[in-house]
Amino acid sequence: MMDSQHGRTVNMASSEADNSQCDEEPQPGDLIEIFRPAYQHWALYLGDGYIINLTPVDESQATAVSSVKSVFSRKAVVRMQLLKEVVGGDSYRINNKYDDSHTPLAVSEIIERAQLLIGQEVSYDLLGSNCEHFVTLLRYGEGVSEQASRAIGAISLVTAAASAFSVMGLINTRSRNRPF
């Protein structure tokens, strides 16, 4: 698949034996998007097969890798882990999709900032401070999350629809309860 925004070819391997690898080797500072069954997890590539990412505080390192519980956690731990262990049976791609709108920091600064955070506990909020915000903050100096923006938009749409149906329900109730 061609990453049209950045001109980088990012192919997912199609072999059954190893569906987790992408054909291109990540470079230090790259954003890694990992496709979980119900959501995308984000990590930042450090080099030598290692990434930095957020995992739930109350889970062991082994179970934290693919847990959906991480989405609902309020605290997270910054961990350095092997990319292949975090990806597990899922697939991933290199996705520096914000490079067109945000200037990446120098790779040495990205790595230095990331290493200072390893082992630290941080707050986690699905909509305001999630794993995508975390890695984009490291890469660009600003936390960005298209995933969170889409979720906020969907919540707004559902809220507006519920309000409209509620108002319509009140109007219908009033018209049915008229004494004449």
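Just above sits the structure.
The model shown is predicted, which means the values in this text are computed figures rather than measured ones.

Analysis parameters
Residues numbered from 1 in each chain as written. Predicted model: local features only at pLDDT ≥ 70, side-chain atom pairs only at ≥ 80, totals over all residues. Heavy atoms only, no water. Helix = DSSP H or I, 4+ residues; strand = E, 2+ residues; numbered from the N terminus. Buried < 20%, exposed > 50% of the residue type's maximum accessible area, 1.4 Å probe, protein only. Contact = heavy atoms within 4.5 Å. Areas by Shrake-Rupley, 256 points an atom, 1.4 Å probe, with all protein chains shown as cover. Axes fitted to C-alpha atoms, helices over the stretch in contact; angles between N-to-C directions. Parallel < 35°, antiparallel > 145°, perpendicular 65-115°, else oblique. Pairing = 2+ DSSP bridges. Patch = residues over 30% accessible without salt bridge, like charges linked within 9 Å, V, L, I, M, F, W, Y side chains within 5 Å. Salt bridge = Lys/Arg side-chain N within 4 Å of Asp/Glu carboxyl O. Core = buried A, V, L, I, M, F, W, Y, C linked by side-chain atoms within 4.5 Å.

Colleague: Just give me the short version of the overall build of the chain, but keep the residues and values in it.
Modeller: Looking only at helices and strands, one finds six helices and eight strands in the chain. Order of helices (α) and strands (β) in the chain, N terminus to C terminus: β-β-β-β-β-α-α-β-α-β-α-β-α-α. Across the 180 residues that make up the chain, the buried fraction comes to 38%. Put simply, of all contacts in the chain between residues at least 6 apart along the chain, 65% involve residues at least 24 apart. By element, 56% of the accessible surface of the chain is carried by carbon and sulfur atoms, the whole surface being about 10100 Å².

Colleague: Would you mind going over the packing of helix α4 (residues 107–117) against helix α5 (residues 131–140) in detail, with residue names and values included?
Modeller: Contact geometry for α4 and α5: axes closest at 8 Å, N-to-C directions at 135°. Considering the angle they form, α4 stands oblique to α5. Residue-level contacts link Ile110, Arg113, Ala114 and Leu117 of α4 to Phe134, Leu137, Leu138 and Arg139 of α5.

Colleague: Explain the pairing of strand β3 (residues 31–35) to me, using residue names and the numbers behind them.
Modeller: Extensive coverage of β3 is indicated by the burial of four of its five residues. Two strands pair when backbone bridges link them, and β3 and strand β4 (residues 40–47) are joined in this way by five bridges, in the antiparallel orientation. Its bridge partner lying in β4, Phe35 is registered against Gln40. Hairpin connection from β3 to β4: four residues lie between these consecutive antiparallel strands. Bridging between β3 and strand β7 (residues 91–94) involves four bridges; their strand directions are antiparallel. Its bridge partner being in β7, Ile34 is matched across the sheet by Tyr92.

Colleague: Got a sec to walk through a nonpolar patch on the surface? Specific residues and values, please.
Modeller: On the surface, Tyr50, Met80 and Ile118 cluster together to form a nonpolar patch covering roughly 230 Å² of accessible area. Looking at the element boundaries, Met80 is found in strand β6 (residues 75–82).

Colleague: I'd love a proper account of the nonpolar core, names of residues and values included.
Modeller: Leu44, Ile52, Leu54 and Phe134 are the most contacted members of the largest nonpolar core, which has 19 residues in total. Sorting the residues of this core by element identifies β4, β5 (50–56), β6, α4 and α5 as the ones contributing at least two each. Setting aside residues up to four positions removed in sequence, Ile52 forms contacts with Ala43, Leu44, Leu46, Val78, Arg79, Met80, Ala114, Ile118, Phe134, Val135 and Leu138. Of all hydrophobic cores here, the second largest spans ten residues; its members include Ala43, Leu83, Val87 and Tyr92.

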